[in-house]
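Fold and contact review
Listed below, chain by chain, are the residues.
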Amino acid sequence: NLSGEAVGEAMRFYKLTPADITVFHDELDLPAAKVKVKVGGGHGGHNGLKSIDAHCGRDYRRVRLGIGHPGAKELVHAHVLGDFAKVDQQWLDPLLDDIAQNAVLLLKGDGSQFMNKLTSSLTVDAGNGRAGKPKVAEQSHIRQARGQKPQIPTSGPMAEMLRKLLGKTDSDK
């Protein structure tokens, strides 16, 4: 949350301007796996950006990496500071690889081409005969799971425990 101190010192030491800086940060307001590039703007409550704004100004390039919103305000803190779920690795690892592979485009100032490369690589269908990355859903795994009925076992120890817990007998199945 105090990253602006280090970024500001480095900027001044190397005699850089905010236009020379690219900050990669998590973004709650973007669906998981979505990436956007912009210059300037507000911090949107992001403490790291707030610190960088204070020490460097606002006119730096931002690579906003969508992590999705957990759905409720009280879950945000744990969502932002927690680890990614294992299911998220199917989009996270390929995305980070593609960002690293195409970061040179950001150094050249070509944010649009950078975005195009990420978009095309993340929407490759692995089932089309090409080696590729899985299609990325537009919503986080949390939002995708909402509204789905859980699969309740009908036999086995879990089913027996649920029947006892819910007060159901074998005739209630």
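It should be emphasised that the depicted structure is a prediction, and the values quoted were computed from it without experimental measurement. (Residues numbered from 1 in each chain as written. Predicted model: local features only at pLDDT ≥ 70, side-chain atom pairs only at ≥ 80, totals over all residues. Heavy atoms only, no water.)

1. So, the overall build of the protein chain
Within the protein chain, the secondary structure is distributed over seven helices and three strands. Reading the secondary structure of the protein chain in the N-to-C direction produces α-β-β-α-β-α-α-α-α-α. Across the 173 residues in the protein chain, those meeting the buried criterion constitute 29%. For the protein chain, restricting intrachain contacts to residue pairs at least 6 apart in sequence, the fraction spanning at least 24 positions comes to 63%. Split by element, the accessible area of the protein chain, about 11500 Å² in all, is 54% carbon and sulfur. (Helix = DSSP H or I, 4+ residues; strand = E, 2+ residues; numbered from the N terminus. Buried < 20%, exposed > 50% of the residue type's maximum accessible area, 1.4 Å probe, protein only. Contact = heavy atoms within 4.5 Å. Areas by Shrake-Rupley, 256 points an atom, 1.4 Å probe, with all protein chains shown as cover.)

2. Looking at the nonpolar core
By size, the foremost hydrophobic cluster in this structure holds 14 residues, and its most contacted members are Val-35, Val-63, Trp-91, Leu-95, Ile-99, Phe-114 and Leu-118. Among the secondary structure elements, those contributing two or more residues to this core are β3 (61-66), α4 (89-107) and α5 (111-122). With six residues, the single largest contributor to this core is α4. Among all residues touching Val-63, those that are not within four sequence positions of it are Thr-22, Val-23, Phe-24, His-25, Val-35, Lys-36, Val-37, Leu-106 and Phe-114. Membership of the second largest hydrophobic core comes to seven residues, among which are Met-11, Ile-21, Ile-52 and Tyr-60. (Core = buried A, V, L, I, M, F, W, Y, C linked by side-chain atoms within 4.5 Å.)

3. Considerations on the side chain of His-25
Topologically, His-25 is positioned in strand β1 (residues 22-27). If we skip the residues at most four places from it in the chain, His-25 touches His-46, Leu-49, Arg-62, Val-63, Arg-64 and Leu-65.

4. A look at the confidence of the model for the protein chain
Confidence along the protein chain averages 81 in pLDDT terms, with 78% of residues attaining 70 or more. Low confidence marks residues 124-140, where pLDDT is under 50. Its contacts with residues over four positions away, or in another chain, come to 29 contacts. (pLDDT = per-residue confidence, 0-100.)

5. Remarks on the sheet that holds β3
If you trace the three strands from one edge of the open sheet to the other, you get β1-β3-β2, paired in mixed fashion. Taken across any chain shown, the strands that pair with only one partner, and hence form the sheet edges, are β1 and β2 (35-39). Put simply, the sheet's adjacent strands are angled 25 degrees from each other on average, direction ignored. Direction of pairing for β1 relative to β3: parallel, over a ladder of six bridges. From the neighbouring strand, Val-23 faces β3, where its bridge partner is Arg-62. Running at roughly 165 degrees to β3, α4 makes contact with β1, β2 and β3 of the sheet. (Pairing = 2+ DSSP bridges. Axes fitted to C-alpha atoms, helices over the stretch in contact; angles between N-to-C directions.)

6. Regarding the side chain of Glu-27
Here Glu-27 shows up in strand β1. Polar side-chain contacts of Glu-27 include one of 3.2 Å to the side chain of Arg-64. Excluding residues within four positions of it along the chain, Glu-27 makes contact with Arg-64, Leu-65, Gly-66, Ile-67 and Gly-68. (Polar contact = N/O pair within 3.5 Å; in protein donor to acceptor, adjacent residues only side chain to side chain.)

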